[in-house]
Every structure is written in structure tokens, then in C-alpha cells.
Number of protein chains: 2
Amino acid sequence: MTTPTKDDGLPRREANYVPLSPLSFLERAAKVYPNKTAVVHGDWRITYAELYARCKRFASALTKAGVGLGDTVAIMAPNVPALLEAHYGVPMAGAILNTINTRLDGPAIGFGLKHSQAKVLIADRDYFKPMREALQGLESPPLVIDIVDTATGKDGHGASMAVGTLSYEDFLAQGDADFEWKLPEDEWQSIALNYTSGTTGDPKGVMYHHRGAYLNAMGNALAFGLTADTAYLWTLPMFHCNGWTYTWAVTLVGGTHVCLRTVDPAQIFQLIGSERITHMCAAPIVLNMLLHSPALPKERYDHRVEVATGGAAPPSAVIEAMERIGFKITHLYGLTETYGPATLCAWQHDWDDLDLTARAGKMARQGVAMPTQQEIAVLDIDTGARAPADGRTVGEIAIRGNTVMKGYLNNPTATEEAFKGGWFRSGDLAVMHPDGYIEIKDRLKDIIISGGENISTLEVEEVLYRHPKVMDAAVVAKPDEKWGETPCAFVTLRADAGEVSADEIIKWCRASLAGFKCPKNVVFGELPKTATGKVQKNILREQAALI
Amino acid sequence: MTTPTKDDGLPRREANYVPLSPLSFLERAAKVYPNKTAVVHGDWRITYAELYARCKRFASALTKAGVGLGDTVAIMAPNVPALLEAHYGVPMAGAILNTINTRLDGPAIGFGLKHSQAKVLIADRDYFKPMREALQGLESPPLVIDIVDTATGKDGHGASMAVGTLSYEDFLAQGDADFEWKLPEDEWQSIALNYTSGTTGDPKGVMYHHRGAYLNAMGNALAFGLTADTAYLWTLPMFHCNGWTYTWAVTLVGGTHVCLRTVDPAQIFQLIGSERITHMCAAPIVLNMLLHSPALPKERYDHRVEVATGGAAPPSAVIEAMERIGFKITHLYGLTETYGPATLCAWQHDWDDLDLTARAGKMARQGVAMPTQQEIAVLDIDTGARAPADGRTVGEIAIRGNTVMKGYLNNPTATEEAFKGGWFRSGDLAVMHPDGYIEIKDRLKDIIISGGENISTLEVEEVLYRHPKVMDAAVVAKPDEKWGETPCAFVTLRADAGEVSADEIIKWCRASLAGFKCPKNVVFGELPKTATGKVQKNILREQAALI
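In this text the structure is predicted, and so the values were computed from the model without any measurement.

**Q** When you look at the overall build of chain A in this model, what are you seeing that I'm missing?
**A** The helix and strand tally for chain A stands at 17 helices and 28 strands. Principal axes of the C-alpha set define a box for chain A whose edges measure 70 × 65 × 55 Å. Here chain A holds 547 residues, and 60% of them are scored as buried. For chain A, long-range pairs separated by at least 24 residues make up 69% of all intrachain contacts whose partners lie at least 6 apart in sequence. Carbon and sulfur atoms make up 51% of the accessible area of chain A, which totals about 21,200 Å².

**Q** Is there a simple way to explain the relation of the copies chain B and chain A in this structure?
**A** Relating one copy of the chain to the other requires a rotation about an axis plus a shift along that axis. Turning chain B through 180 degrees and shifting it by 0.0 Å along the axis lays it on chain A, with an RMSD of 0.1 Å. In short, the pair behaves as if placed about a two-fold rotation axis. Relative to the rotation axis, the C-alpha of B:Leu222 is the closest in chain B, positioned 3.0 Å from it. An overlap of 100% is found between the interface residues of chain B and their copies at the interface of chain A, pointing to a shared contact surface.

**Q** Would you mind showing me how to read the packing of aromatic side chains here?
**A** The description of an aromatic ring pair rests on the distance of the ring centres and on the angle between the ring planes. On inspection of all chains with the given rule, the structure shows 24 aromatic pairs over all chains. Pairwise contacts between aromatic rings join A:Phe58, A:Tyr168 and A:Phe171 into one cluster. The lysine or arginine in question, B:Lys36, covers the ring of B:Tyr33, its NZ or CZ lying 4.8 Å from the ring centre.

**Q** Help me understand the pattern of salt bridges, please; the structure alone is not making it clear to me.
**A** Working definition: two side chains of opposite charge can pair if their charged atoms are close together. By the definition in use, this model includes 58 salt bridges over all chains. The shortest N-O distance in the salt bridge between B:Asp8 and A:Lys406 comes to 2.9 Å. Here the residue B:Asp8 occupies a position in the loop between strand 1 (2-3) and helix 1 (23-32), and A:Lys406 occupies one in the loop between strand 20 (395-400) and strand 21 (407-408), the pair thus bridging two chains. Taking relative accessible area as the criterion, A:Lys406 reaches 2% and is therefore assigned buried. Salt bridges sharing partners connect three or more residues here, namely A:Lys31, B:Glu375, B:Arg386 and B:Arg400.

**Q** How should the environment of A:Leu83 be read in this particular structure?
**A** Residue and element names in this part refer to chain A. Here Leu 83 lies in helix 3 (residues 81-92). Remark: the alpha-carbon pair of Leu 83 and Asp 124, spanning 41 residues in sequence, is separated by 9.5 Å. Contact partners of Leu 83, with chain neighbours within four places excluded, come to Ile 75, Ala 77, Pro 78, Thr 99, Met 238 and Phe 239.

**Q** How do you make sense of unusual backbone geometry when you look at a structure like this?
**A** When glycine is set aside, most residues are seen to have a negative phi, and most peptide bonds are trans. Residue and element names in this part refer to chain B. Positive phi values are uncommon outside glycine, yet Tyr 339 reaches one of about 55 degrees. Judged by relative accessible area, Tyr 339 falls into the buried class, the value being 0%. Despite not being glycine, Asn 410 shows a phi value in the positive range, around 50 degrees. Its place among the elements puts Asn 410 in the loop between strand 21 (407-408) and helix 14 (412-418). Residue Asn 410 is classed as exposed on the basis of its relative accessible area of 55%.

**Q** Teacher, can you tell me more about the pairing of strand 26 (residues 470-480) of chain A here?
**A** One face of the sheet, then the other: side chains in a regular strand alternate in exactly this way. All names here are of chain A. The buried fraction of strand 26 amounts to eight of the eleven residues, a majority that puts the element mostly inside the structure. As paired strands, strand 26 and strand 27 (residues 484-493) are joined by ten bridges and run antiparallel to one another. Bridging from a neighbouring strand, Ala 473 pairs with Val 491 of strand 27. Counted between consecutive antiparallel strands, the loop separating strand 26 from strand 27 contains three residues.

**Q** Looking at this structure, I do not really get the state of the cysteines. What am I missing?
**A** Here a disulfide denotes one covalent bond, and it connects the sulfur atoms of two cysteines. Residues and elements named next belong to chain A. Under the criterion given, the structure shown has zero disulfides over all chains. There is no disulfide at Cys 509, and the cysteine sulfur nearest it, in Cys 518, is 5.4 Å away. Overall, Cys 509 belongs to the buried group, its relative accessible area being 0%.

**Q** How should the packing of helix 15 (residues 457-466) of chain A against helix 16 (residues 502-510) of chain A be read in this particular structure?
**A** Geometrically, a packed helix pair is captured by the angle between its two axes and the distance between the axes. Residue and element names in this part refer to chain A. Axis separation between helix 15 and helix 16 bottoms out at 10 Å; the angle between their running directions is 115 degrees. Regarding the angle of helix 15 to helix 16, the classification is roughly perpendicular. Crossing of helix 15 against helix 16: the hand is right-handed. On the side of helix 15, the interface is formed by Val 463, Leu 464 and Arg 466, while helix 16 contributes Ile 505, Trp 508 and Cys 509. Residue composition of the contact of helix 15 with helix 16, grouped by class: five nonpolar, no polar and one charged.

**Q** How do you make sense of the sheet that holds strand 27 (residues 484-493) of chain B when you look at a structure like this?
**A** By way of backbone hydrogen bonds, the strands of a sheet pair with one another, either parallel or antiparallel. All names here are of chain B. In spatial order, the strands read 26-27-28; together these three strands make up an open sheet with mixed pairing. The sheet terminates laterally at strand 26 (470-480) and strand 28 (521-524), the two strands that pair on one side only. Strand after strand, the sheet turns through a mean of 25 degrees between neighbouring axes, direction not considered. Bridge count for strand 27 against strand 28 is four bridges, and the pairing is parallel. Residue Ala 489 lies in a different strand from strand 28, and its bridge partner there is Val 522. Against the sheet, helix 15 (residues 457-466) engages strand 26 and strand 27, with an angle of about 145 degrees to strand 26. Its contacts with the sheet put helix 17 (residues 537-546) on strand 26 and strand 27, and the angle it makes with strand 26 is roughly 55 degrees.

**Q** Please clarify how helix 4 (residues 106-115) of chain B should be interpreted in this entry.
**A** Residue and element names in this part refer to chain B. Where helix 4 is concerned, the buried positions are Gly 106, Ile 109, Gly 110, Gly 112 and Leu 113. Down the axis of helix 4, the sector holding all buried residues measures 165 degrees, keeping them to one side. Along helix 4, the residues that are exposed and aim more than 90 degrees away from the buried face are Pro 107 and Lys 114. Residues of helix 4 that are buried sit in contact with strand 4 (72-76), strand 6 (120-124), helix 5 (128-136) and strand 10 (190-196). Where helix 4 begins, one side-chain oxygen reaches toward the backbone nitrogen of Ala 108, 3.2 Å away; that side chain belongs to Asp 105. Two residues or fewer past helix 4, Gln 117 is found with a positive phi of approximately 55 degrees.

**Q** Before we go on, may I ask you to explain the interface of chain B and chain A in this structure?
**A** How big an interface is tends to be expressed through the accessible area that disappears when the partners come together. At the interface, 76 residues of chain B touch 76 residues of chain A. Where chain B abuts chain A, roughly 6,500 Å² becomes buried across the two surfaces, and 52% of that area is made up of carbon and sulfur atoms. Between B:Arg13 and A:Glu416 there is a salt bridge, with the nearest N and O atoms lying 2.7 Å from each other. Considering each element in turn, the side of chain B that touches chain A owes the most residues, six residues, to helix 7 (residues 210-223) of chain B. Here the residues of the side of chain B that touches chain A are counted per class, giving 39 nonpolar, 18 polar and 19 charged.

**Q** Please explain the sheet that holds strand 22 (residues 424-432) of chain A as it appears in this structure.
**A** Residues and elements named next belong to chain A. Pairing is antiparallel in the open sheet, where four strands are placed in the order 19-20-22-23. Of all strands in the sheet, those bounded by a partner on one side alone are strand 19 (375-379) and strand 23 (438-443). Strand-to-strand twist of the sheet, defined as the mean angle between neighbouring strand axes without regard to direction, takes the value 45 degrees. Bridge analysis of strand 22 against strand 23 gives five bridges, and the strand direction is antiparallel. Each bridged residue has a counterpart across the sheet, and for Val 431 the counterpart in strand 23 is Glu 439.

**Q** Is there a simple way to think about the side chain of B:Thr251 in this case?
**A** Turning to its location among the elements, B:Thr251 is positioned in helix 9 (residues 246-252). Those residues in contact with B:Thr251 that lie beyond four places of it in its chain are B:Phe25, B:Leu26, B:Ala29, B:Tyr48, B:Tyr88 and B:His257.

About the cut-offs
- Residues numbered from 1 in each chain as written.
- Chains lettered and ligands numbered in written order.
- Predicted model: local features only at pLDDT ≥ 70, side-chain atom pairs only at ≥ 80, totals over all residues.
- Heavy atoms only, no water.
- Helix = DSSP H or I, 4+ residues; strand = E, 2+ residues; numbered from the N terminus.
- Buried < 20%, exposed > 50% of the residue type's maximum accessible area, 1.4 Å probe, protein only.
- Contact = heavy atoms within 4.5 Å.
- Areas by Shrake-Rupley, 256 points an atom, 1.4 Å probe, with all protein chains shown as cover.
- Least-squares fit on C-alpha atoms with pLDDT ≥ 70 in both.
- Phe/Tyr/Trp six-rings, centres within 6.5 Å; stacked < 30°, edge-to-face > 60°.
- Lys NZ or Arg CZ within 6 Å of the ring centre and 35° of its normal.
- Salt bridge = Lys/Arg side-chain N within 4 Å of Asp/Glu carboxyl O.
- Pairing = 2+ DSSP bridges.
- Disulfide = S-S within 2.5 Å.
- Axes fitted to C-alpha atoms, helices over the stretch in contact; angles between N-to-C directions.
- Parallel < 35°, antiparallel > 145°, perpendicular 65-115°, else oblique.
- Left-handed = near helix turned anticlockwise from the far one by under 90°.
- Nonpolar A, V, L, I, M, F, W, Y, C, P; charged D, E, K, R; others polar.
- Arc of directions from axis to C-beta.
- Polar contact = N/O pair within 3.5 Å; in protein donor to acceptor, adjacent residues only side chain to side chain.
- Buried area = accessible area lost by both parts, 1.4 Å probe.

In C-alpha cells:
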């Protein structure tokens, strides 16, 4: 893989070696752009000098509260300034930031707080109910600090709903704006902890280090053309892989963070105009919501908005409608374990003249490695060898590079399993096209093998979703004596669907799919989901086995 | 400075740690943009797939020739493809690239070849004379390879002028395009060696590592907005700090390198139009030459050209004329020891509405740290403490960060001297303005102290240069019993100047400068210069002392 090193008697020194850390971005932005707007939240605006001072206060107050090297500080909040500030204040105190998914329930929050031994918990009052539940079960509860979001006038809970002993602003006031924070001695030091919510088992704590956060932020800034003129709208939750590291990337270029408490289409369209938003990230479902909002602008914005989307491929209708109002969409793929984006569907000039359908087909692919990620491969599931780049052979997406997690906190078994064979194994199945672009086919554990043929459940579900009476659908394997497995569909109908038979659904599938890919069984009803909205296919598989 | 690290049992692994190296940029560009034009040289064009294959051949041929880890490969060439390819082919063989300044004479080239123990020397036939001279004095001469530049039809020397035993293309043909190169095990491994040509003493060999090359390239790509649409014109010599690391930065984004054998204004303007050049770097003297060329376009280009300039502040006349044809100028500062650019004069929005003179004043400053450089400071020369940011207090520019050299090859004394006090000491004197922007005043060893007052020789020289009959000027200290030192001017007059008296020159200075800053003596004649065109002020100081 690598060659040994020759010693030339010129070792690292203080003058020529500094640990890579995104904390350096804020220090520089405060020096270069002290008077520039760093954060916008409703009518509340602060400059980079002010943001830096607030983050130093934050770090100082944490230190005074006994937080030290390697301690965890947890925070549960929508995209408000406190959550952004935590991305600097917490690691400036030498601590690890754990951002909590705001959709989690009390027990799931409690699991994380206990597992990470969080010393401090900062929470927006919106979540006082699950928060109180989470704290009840803890033997040594953390110091709790409340975020009282007065800036947008949307905190209507009042002091009676407080969970903590003091407010975030009061806590900051305890800190020193001249606090002398320090970079970590080693860039491998942990900076953030993100719990993944799998469909089975306990959540796993994904650990990021300063080096990876620095590099992924830089890679995103480069890939999406962030500049000092960037105004970034926080549609993507910051708790999600630290906002795909844009929490740091926007500061790197001295751009402006525009906070957003709730994903409200009218407010989003208004902010894109008034704050001249240049960049935003959002799942296709959010883009879809924007497009179906009555607030959708009739005319094109007079500036271009770069939109990075991931989690699912952007459908051609979304691409077309978005382009009409001046948005340019780029498709990304990644996992919590890869600091968010690991690949992007880099644009090729020979796509410029393709028609919409052909373009959407190109853009639906997850693409190629980010500039700071080292390598994306599709590996044969059995042998671990590289699958041919033929656009047909399905294998597991494997990733290696500096923006792959350190591992799972206190979970050596899961860590070793994830790093099997010198790669991070994503658990996602894909093909690699002859141009080197990957395209996801399914989750490894979801794929159905019927008569020796692979069936992508995503492919079948896509057909089901297109049925006008289907609202929700999931396909899983059902054991079968003859074929090994056959596809079994679980379908939720629209409220106004009336009577629909299993036969009708199967026939619908036959019109678009090869016979062996069509569901042999169809079950109607609600789909079991996790707190974060993922369908629990493991439960469906158990049900299918009993049919 | 830094805090210790807490071990969480999650060490580096093959999957999540890869040494930072700009070699990864080429590997990625060849994967993502295999069919895109990577290099243009006259009518000769190659894609990224071809560039990568050629560089692998290069590395393979070097390996077959016995070049290994830490060996030096020297190259002396104008900005032709072979020199660009050497930036990948040489380190892919584990070796260190030494690019030779094409203005050096035989003995200076010989010194470098001997000092670096170069195993291979690749040289353009244009330099056959100094090359033969340099090789004559060597006990164990390197393998010599000739670059025969047939692409632009400008190699008129013929085989009789060969210095080497084979041509570069024949050498490549010996290599294997499937060569399995390896990244260095340690990103601290050396990648390039650049000799500085001081005005006194032997040249010093500045050593760069893979980490610094990767980061400086990334910082430049970010700061100058390089993208996959970038077409970069090679006006800046690649031998100069590896072309300020743009040799690697342009490849990082998958842009196009447009080679340029000679800095010919007509060809430059033609290429800017035909290749849609988006970025170039050039010293103000080159910009000035462009502006005074009859080839200067009458009309604005229909696209913007970003021009990075350094070495001296861009004069307002240059800024104005450049803006008129669609160029946007950014001022940089750096040294060989900082991989080229260490600072940039980052634009501030409140400069937008300034008039030309005020804007030129802002832009004349060397500015703030590059995104990947850690810190620029102005230090009190005696105490080493930070000078106040008052725009008046002169101190030495000190730099620390990941894009500061490893040190000087086999020169521990110079290395320790350069890294005194935990900083790289630049030897340049500057003030820091209240906005944190630095502005250079003089070289440390050149400044004159007269009656306890500092006199910037740059300031006096600027006034002399404005005199219509002065072509060249240098000011040095002359020992003085009463004042300690006084300024002594050495002046070269224009050919058509006629008679000019010392008094006339002194009076000219009085009109613009405080009395104590004006030269007390004026000497007319040629100025002694080094092979690279630097005025040898040490010789002038000796002459001044004898007056």
C-alpha cells in the first residue's frame, strides 16, 4: 500500500506542524472577517468576531463546569445558533460533541447519554418531554442546560417547561470571552460522536476525529464551490453527521450560516431571496415538499442556488422543477460512518446536452469519491475482490480514506466487523458503471435471492410507489421451498384508495418488472418504523415467514 | 499550544488513515475525468487518463533506472509537459523532485546537483550550455535525459546539442503504464526540493513534504475558486515553488493545465481567448509586460480571468488596466520556505466602492494567512513578542503552519536559525494593520537605521523608480559617524537619460520623503545582480562603506 519513509533529519516542529482541526477555521474567520455576518437567526445576527467570542465563552464555561479532555457534551436542538456554536465551543474545551437526533424518544436519548457518559446536556425546550423521560433513568445525570430560543419567537413553553438548571445564554455568561483554548495535540483526537439508529440492536456511537472533520469540510467546500460570498441555509439538520460537516465548511470560507428552526417551505423560499442563499443541503423528500408548497416561486431567482441532496436519488420531476427556479442539484451519498458525503455525482460536460430523462438517469447515480475521500469500491460479497465496473455486477460499497470514522465507541465487535478486510463496509449494495460511477441497488441485508437471482427490494418498491393508490411500501424476502426466497410486499394504501386487491398490485408490478421480481404475496396495513422513520424490515421479514 | 490526547482504543487503520499526498489528486482525476483534457501544449493535448499513464511510465522508468526512496531527480525546463509530469512521476517512484531555476548558470546548477546527489537529471535542450558546464565538474554525474520539445516547434537545437543519453519520450517508453506506484508510508516524506538563491552564501535546499504539498494545493484551490471548469495558464514558472503548488492544485479539481514555453504576450492573450483561461499567476513585472504589449486586447474578454500576483505589490495602473480587460487581481505573498503563497490579500466587501487609489492601497498589502496556513505574525525583532497591529510598528514576518518547509537539506545551522523561537522567520519586515493585514516594508537585513529611525529601502527605491530617467535603483545603508547609518542610492539611468546629477536625484526624493529618508549619496552605474536577477545589496553595502 505504502512505502517506508527515509529520515532526512528534518522532524516536525512547532513552526511547521499543526494538528488539522476545524477549530482553526473559526480562529481564521474571526481574524480575516471579524465584521462579516457569521450567523443569521431570524432578526438576530452576529459577526465572526462575536461568534468566536461566544464559542470561547462556551468552552470556558464548560471548563469551569468540570468538562475536560475526552468528555462528552450532548446537545439536542433544531438548527439554532446554540447547536452551531457547540461545534466549536465543545471541542475548544477538549470535549467530544454528541448531537442528538431530534426525532429520538426518551429511552433512545437515555441510551446515548448513558453510553457516552455525557457530562453536560444542552437541550432546546421543544424536547422537554422526551428529555425528562431520558433523564429519569440515569444514575448520574449530566448538568442540563436549556436553550430558550427567543430570537424567532417560537419558544412558547415558558419556564415551567424547563428541564435544566440554567439557560444557555446564562451559561455562556459564566464563560470568559478571552478563554485560551488549545488545539488537540493529536489530530486523531475525537471531535464528535454520532449515534446511528439501525433498525435492529442498540445504536452505535460513530466517532469522528479532528483530522477527518477538517478534511471533509475542506472537500465539501471545494466540491460545492463555497466561497466568502456563500450564504448557507440550514435545511439539513446539524445533528445529522454534523450537518455533513458544513457546520465547519461554511466557517472555513467565511460564509454566512443562516439558521432555520423548522423546515417551513414559505420561510425557506423567503430566506433564499432575502439572504441570497447560495447553498443548501436537503433530502429529496424535503425538495419534494418545497416543490409542492403553495409558496413555490413562480419565477426563477436571480441567483443560482446549489443544492446537495442525498439519502435517495433525486427524481427527474424534482430535478426539472428545481432547475426551473434556478436551483442546481448535485446528488451525494454517504453514511454517518463517513462524516456524511463520501461520494458525489460529479458533473460531466458530455451530460450538458442530454434530455431530462437521460440527465436524471446520470444524476440518480451516487457517483465518485469526494476529493478528500480516498477510494470507493464495489466488492464481491463473498470474495471481497473488486466487482467489474460493468453496471451489472452487484457488490457491497466499500470506502477507505481519511474521512472514514475512527470506529464505534466502546464497541470493538461492531468496529472490527465494519472494518473487515481493510475497508469500511457500508452494507449498501451497488453496481459500478463503466465510467466509475456507483449506483446503489439495495441494503446488503435486504436483498432477496430468488432462484439464484438477486432482486433489489428498492427496485420493486419504486414500482409500488408509482401505483396511484399506494402511499407507503416495503418489500422483504419470504422463505420459499422452491426458490429459496420470494419477494413479499407490505403496502399502506392512501386514505382514499378504497378496495385494492393483492392481484391488482401484483399485476401492476408485472407491467414494469421481470416475473421473478414481482411480489408473490401482498400484505396491506401500516409499516413498523423506528423513531427516526426507518422501516423495520426485520419485523416484516418475521411476519413474511409466518404467512 | 496543544492539549494531550485521550486514548479511546480506536487507532488508525488502513481503512481510515491515508497519508496526505497530492499524488492522490492525479489518481482521482484519472478516475473521475479520464477523458477530460488535462494538459494542453500547443497542438498537443492529453486527457487525464493519458497523463496518469504517462506519469506511471515515468515512475516505472525511474525505478528501472535505479531511482528509489528519497533519491533526488532534478529537472530543468520551461513550462512544458515533462516538467508537469515530473511533479507526479518522480514522487510516484518514491523520489524527491528538484526543479531547477532556468536562469541559473553552470556552477549554480552544478552546486545543486552535487548537494542533492541527484541520480537523474532531465533537461530541456534550451539549456544545453549551462548543463554541460554543470556536469563537467561532477564526480558522479547523474543519468541525463533530454527534453526535445517538438510540440511547439521551438526546439531548434538538433541532436548535436544533446546533453543526455536519451530523450524524455524514449525514457517514458521504457516504463510501464501499469506501474504499481505507492503512496509514502508517512505524509512527512519529502516530495520536493527547491534551492533558494540568496544574495550571499551557498543556495539552501528547501524541503517540502507530501502533507504540505497536499494542503497548500487545497488551500490555493479554495482561495482562488478552482473548479472542474478551471483552465490554468502556466505563466508562472513551475520551477518556482512547484508553481506555487498549482502543479498539484489544478489536478485536484480536474482542471486543465495550459503549458507555455515562453512568456510571450501575444501567445498569452491568444490562449486566454482560445483556451478560455480562467486562472493564472504572474509577477507584477509580467503583468506590466502584458499591459505594454501591442497584443493587449482592445475589448474585455467575455469571461473573468483570476490573476494571482506576488513578489511585489501590483501598482494601481496595473490593477486598473487589468480590470479593464476582465482580469481580477489578488495579491499574494510567500517564500520558497512556505510552498509559495502564505498570505493573500483577501477581498473585503467594504472595499467594493472605494476609488482606484484607495483600492490599490488596500490591495498592495500582503494580507492574511492562506486557509491552510496556520498563522502569520509580525514579531518585534529584538524581543520576539508580537508587534502591535497599529500599521506603524515594524517587525519581522513570522509564519507557522502545515505549509512551512521541513527545513533545509543537510544544513542544520540554517534550519535552526530559520526556525528560531517556534516560528519560521521570513527575514521580511512588515507592519500589521489594525484589520490584521500585513504590509511589507523591507528585508530585515536591508533596513537602514538612521538616528534611531528605521528607513525602509523599498520606500526610497519606489520614489527613485518614479523618476522618469531612472531605470533601476537600489538603496543600502552607508556607515555614518553622526547618524549611525544613512541611505546611499545606486542608480542605473535609462539609455536616453543624458546627464543627471546626484543633487537632482536627492531633490526628487525630498519632494516625496522625509529628509532623513533621502539618500545622502547617489552612485550611478550598473547594479550587481545574481543569476536570478536579485540585486546583490551585500556588494553595494561594501561599496557604500568605501565612499
